[in-house]
Each structure stands twice: as C-alpha cells, then as structure tokens.
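Structural overview for review
Here is how the chains run, residue by residue.
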Amino acid sequence: MTTENQLLQKCLVLQKALFSSLRLKEVLEAAVKQFAELSGGAKVAIFLSDNENMSFKLMSEKGYSPKTLVKMREVPFAAESLLKSVVQKRKPASHKSMAEAVGISADIMKGEGSKAQMALPLISHNLLVGAILMDLSKPEVISYADFYNEVAGITSLAIANSILFGRSEYERERVSTMYKTACSLTSSMLQINEVLQIASDTAIVLGNTPCCAVLLIDDSHKKFRLAAFKGLEGSSLNEFDLTVSDSIAGNVLKSGKIEYFGDEQRRPYGMPKATGGSEFRSVLSLPILADSGTKGKKSGIGVLQVFSTEFKAFNKEQIELLESLCSQVAASLSVALTHQTAAAQASYDANTGLYNRLYFDDVLPKEVERAQRHKHQLGLLLIDIDHLGQINDHLGQKRGDEAIAFVAAKVKKTLRDIDIACRYGGEEIVVILPETPEQNLFMVAERLRKSIRNETAPGVGTVTVSVGVTSYPNLASSAQELVSTAEQAVNIAKYEGRDKCVLVSLPDAMQPGDISWGDLAKQAKLSVVAERQSMLHSRLDVSAEYASWLHAPPQLVSKKKK
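Residues numbered from 1 in each chain as written. Predicted model: local features only at pLDDT ≥ 70, side-chain atom pairs only at ≥ 80, totals over all residues. Heavy atoms only, no water.

Points about the sheet that holds strand E14 (residues 428-434)
Read from one edge to the other, the open sheet built from five strands follows the order E13-E14-E12-E15-E16, with strand pairing classed as mixed. What marks the edges here is a single partner per strand, and that holds for strand E13 (420-423) and strand E16 (501-503). The sheet shows a mean angle of 20 degrees between the axes of neighbouring strands, direction not considered. Bridge count between strand E12 (residues 378-385) and strand E15 (residues 465-472): eight bridges; the pairing is antiparallel. (Pairing = 2+ DSSP bridges. Helix = DSSP H or I, 4+ residues; strand = E, 2+ residues; numbered from the N terminus. Axes fitted to C-alpha atoms, helices over the stretch in contact; angles between N-to-C directions.)

So, the side chain of Arg449
Looking at where Arg449 falls in the secondary structure, it is placed in helix H13 (residues 438-453). Take Arg449: its relative accessible area is 12%, and that puts it in the buried class. Here the side chain of Arg449 touches Glu446 through a polar contact of 3.0 Å, side chain to side chain. Setting aside its immediate chain neighbours within four residues, Arg449 contacts Val465, Asp499, Lys500 and Cys501. (Buried < 20%, exposed > 50% of the residue type's maximum accessible area, 1.4 Å probe, protein only. Polar contact = N/O pair within 3.5 Å; in protein donor to acceptor, adjacent residues only side chain to side chain. Contact = heavy atoms within 4.5 Å.)

What to know about the pattern of salt bridges
Under the criterion given, the structure shown has 21 salt bridges. Taking the shortest distance from any N to any O, the salt bridge between Glu80 and Lys84 comes out at 2.8 Å. (Salt bridge = Lys/Arg side-chain N within 4 Å of Asp/Glu carboxyl O.)

Details of the sheet that holds strand E11 (residues 298-308)
The strand order across the open sheet formed by five strands is E8-E7-E11-E10-E9, and the pairing between neighbours is antiparallel. Strand pairing shows two members of the sheet lacking a second neighbour, strand E8 (224-230) and strand E9 (259-261), which therefore form its edges. If you compare each strand with its neighbour and ignore which way they point, the axes differ by 20 degrees on average. The pairing of strand E7 (residues 211-217) with E11 spans six bridges and is classified as antiparallel. The residue bridging Leu215 from the neighbouring strand is Val303, located in E11.

As for the confidence of the model for the chain
In the predicted model, the chain carries a mean pLDDT of 84, and the fraction of residues at 70 or more is 87%. Between residues 542-552, whose pLDDT stays under 50, and residues either more than four places distant or in other chains, the model counts zero contacts. Per-residue pLDDT stays below 50 along residues 555-562; that stretch engages in zero contacts with residues further than four places along the chain or on separate chains. (pLDDT = per-residue confidence, 0-100.)

Pasting the structure below:
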C-alpha cells in the first residue's frame with residue numbers, strides 16, 4: 001500500500017505537471033496520468049461540465065475499454081451514477097462494491113471488472129467545472145478520499161486556468177480571423193470565386209469543422225447552386241436537396257432566420273455525406289442576406305451551411321461568429337454578383353448571344369495555359385458564313401443578321417456545354433473546344449457544317465459555312481498560332497470552293513508533288529482579298545450607274561393628254 005509520504009511526493013509531481021502548461025489538452029492528460037499513478041493503477045476519466053446541455057462530457061481517460069467509452073462519452077447530470085451525486089452534493093462519492101452501484105456506474109464497473117468506484121468534484125470559484133471518475137482495483141484507496149479531493153481541488157484550478165487561457169486565445173484568434181476575413185473580402189470584392197473561397201475557409205475555422213457549403217440562389221429562385229463546399233463526399237452530392245421549396249436551406253432563405261439541426265429529436269434531411277461516407281448529425285444553416293435597396297429590407301442571395309458528424313456540434317458563440325461572417329460575405333457577394341452580371345453582359349454579342357471578340361481574346365490564352373498544365377489537347381474552329389455579303393446586298397442587312405443568328409444557334413445546339421463559342425468578326429464565329437483530341441476535331445466540324453447546310457434559315461434559305469480546323473499543341477504551339485492557322489485553313493476552304501472544312505496540315509503529312517501548306521495559304525489569302533476587292537468595285541460601279549441620272553441634262557415632262 002502506498003504510504004502518506006509517497007502520496008505527498010506524487011502529489012507534488014502532479015502539481016508540477018499540471019501547472020507546466022496552459023493548454024487544456026496537456027493539463028487533462030497530465031491529470032489523468034498522475035491520478036492513475038496516485039491510485040495504484042486505477043482507470044481514470046475526467047469530465048467537464050456542459051451546463052447548456054446539463055451533462056458531463058468525457059475529455060480525457062486512461063485504461064477504459066472502447067465499449068465503456070461509448071457509454072461515458074456524454075453523461076447527463078440526472079442519469080443514475082456517482083456523477084449525479086457529485087452534481088447534487090459537490091462532495092466525493094464512492095461505491096465500495098459492485099452491489100452498491102446503480103445505473104451507468106453499475107454498467108461501467110461490470111464492463112471494466114472494477115472492485116470499487118470513486119467520483120471527485122472539480123470545483124473552481126464555487127462553480128462545478130467537471131468531475132473525475134476512478135474505477136479501482138483496490139477498494140482501500142477510497143479511505144484516502146479526502147486526500148484525493150484535495151488533489152482534485154488543485155486539478156480544478158489548473159483546468160480553470162487553462163480554460164481561461166484557451167478562451168483568451170480563442171478570442172484573440174477570433175478577432176484576428178474576422179479582421180483577416182474582412183480585409184480579404186474587401187480586396188477580393190469583385191471576384192466571386194475568391195469571395196466564395198474566403199467564406200468557406202473561414203466557416204470551417206469558426207465552426208471548428210472540416211465540412212461546409214455555400215449555396216447561391218439561381219435566377220429562377222426555385223433551386224440553389226452549390227457554389228463552394230469543403231469536406232463533402234463527391235459521390236453523395238446528388239443526395240443534396242438544393243430545391244428552395246423542400247430543403248432546409250430553402251426554409252432558411254424564406255424565413256431569413258438561422259436553423260440548427262443538432263440533436264437526436266431533429267435529424268437533418270436532404271444532406272450529402274462527409275468525406276469517407278459518414279452521415280451528418282449536426283447541420284447549421286445561416287441565411288446570406290444582402291441589402292435589397294428598399295430601406296429596412298433584405299434580399300436572400302444564398303445560404304451558408306456548416307456540418308458535423310457529431311450531435312450538438314455548434315455552440316452559441318460559434319453560431320454568433322458564423323452569423324457575423326454571413327453579414328460580411330453578403331456584402332461582398334452582392335457586389336461580386338453585380339459585377340459578374342455586368343461583366344457577363346459586356347462579354348456577349350447582342351445579335352447572336354455568343355461571347356464577343358473581347359471575351360475570346362481574353363479566354364483563349366487561359367485555355368491554352370490550362371491545356372498545357374493538364375497536358376490536354378485543345379481544338380479551335382473558325383467558321384466563316386459563305387456569301388454573307390451577297391445576302392446583305394440582295395436581301396438586306398436584317399436578313400444578313402438573321403443568317404448570322406441562325407448559324408450561331410446551330411453552333412450552340414451542336415456543341416458541348418464546355419465548348420466556348422464567340423462572335424469573332426462580321427461573318428465569322430470561332431469555337432474553342434477544350435479537351436478535344438485532334439482526330440475528333442474534323443468530325444465535329446463536319447457535323448456542324450452539315451447541320452447548318454441541311455436546315456433552311458427562315459427568310460434567307462440555305463446557308464453554308466467554310467470551317468478552318470486547328471489544334472493545340474500538335475498544329476499550333478500558342479494562342480496566336482491557333483488563330484493564325486485557323487485563319488489560313490478557312491481561307492483555303494473558301495479558295496477551294498466554300499462549304500467545306502479544312503484541317504491544318506503539317507509538312508510531314510504532305511505527299512510528294514503537293515503544294516506546301518504555307519504556299520497554299522498565301523494563294524488562298526490573295527484569292528480571298530482579290531474577291532473582296534472585286535465585290536467592292538462592283539458595288540461602286542452599280543452605285544455610279546444608278547446615280548447617273550444626276551448628271552443627265554434636265555428635260556421637260558409633257559403633260560398627259562386626257
């Protein structure tokens with residue numbers, strides 16, 4: 001049996017270990033270890049009080065089996081156990097044998113094969129901080145209950161200090177995080193992707209969880225768009241209910257109030273799963289509300305959701321912090337979405353609905369860089385509407401615009417969602433085809449050409465196109481070369497009779513006696529230029545002949561005889 005002198009020496013070691021750190025985890029681990037040694041190898045668990053939920057939460061332990069730990073994870077104050085006695089009397093309590101134990105204490109003693117059990121209150125400044133539970137193999141340890149209670153008092157002080165230190169560190173980190181977030185949002189206010197990234201990164205810090213999602217309402221106001229997320233299992237995203245009418249997020253947006261599912265009575269529904277496949281037990285949904293322009297009114301633009309696989313994962317402080325984050329994010333998102341809408345409108349051609357030339361000049365180098373980074377091929381089609389000038393001359397400019405719109409509609413209908421179609425010039429449309437192998441490009445171009453030719457344009461008739469086809473990196477090594485080779489190919493298509501597709505050829509693909517690609521491109525360009533000049537001259541001649549009456553000598557017009 002341990003003597004009193006030995007206990008005193010161990011108590012001094014415990015005191016030194018407890019006050020050597022201000023980190024709560026380190027203090028709790030030291031306390032568990034020292035209490036186990038003081039009691040001659042007892043199994044020890046330390047709980048902290050959760051006054052909001054009226055329960056003890058297991059924070060650290062030594063020696064218990066996994067099955068027992070499940071029962072000890074959270075113990076209600078009112079549950080039958082030694083811990084209930086600690087709550088009511090604020091004094092040590094014990095069971096000297098299995099026969100005395102009831103409720104959870106009986107289950108733990110039976111599961112661990114304990115001969116006795118003792119519980120000690122952790123009290124600091126008259127507040128119950130927590131409790132220590134010891135399952136003993138030596139019942140005589142209970143005779144030193146007063147001594148262990150004194151040691152528990154020292155432990156309470158160390159735990160209280162570490163909690164205060166943790167709170168001050170948390171406050172400092174909270175202020176720092178919110179300040180950095182505000183600065184980041186201000187500097188990224190016009191970039192919606194950056195705003196979403198900052199929002200999701202900050203949410204997982206403030207919520208102390210690896211899982212979150214930012215949902216933005218779409219133009220129809222009938223469903224949400226998953227704009228950003230972290231920690232969600234990709235294969236479960238199709239289980240995510242993004243409708244406004246039936247989802248948790250929809251209810252939050254309509255009410256403008258926070259909704260929290262975190263206990264066993266209110267299970268979250270319509271949710272994806274965490275990475276690894278675990279189900280979420282806690283879901284906190286916060287509305288993102290921006291100024292509507294009407295005094296005192298807010299408009300919902302989205303919802304921030306944070307998830308946890310634990311019950312009751314988010315406390316009042318975290319909810320308040322996340323609510324503050326939503327206010328900051330709402331202001332930045334509102335500006336970013338307005339900017340994005342204006343930028344999108346400035347990027348489109350009014351007649352065709354395709355992107356315009358400025359957008360093409362901006363996006364093509366980015367797509368080439370992305371293809372280079374991921375080692376993908378990139379295709380480019382340059383589509384020239386045949387004889388558009390004659391359509392304008394004979395049918396009028398309006399019909400010419402309708403012919404362009406007809407071709408643009410066929411392009412949009414034929415191509416994939418990831419393809420980028422742009423109005424390149426007066427009679428030209430250019431299409432960027434990401435991740436498209438060179439061997440498939442000509443087939444895509446031919447399918448497009450035939451679909452345009454085989455359908456009659458209303459008010460115009462049959463419209464044909466000439467298409468230049470090129471590819472990165474095999475046929476062109478840069479964005480500039482893609483454009484120049486496509487222009488060469490479309491000139492050759494027109495030179496060879498129009499209504500056809502021409503793929504850029506490499507020198508090693510030429511047959512003996514064939515004219516080189518460069519020479520053919522030069523001849524084609526000269527021919528196209530000459531044809532345009534000829535058309536221009538013919539228009540000038542017609543105009544001069546039509547206006548010749550201005551130079552004719554004036555003549556009297558005889559009066560008609562009745």
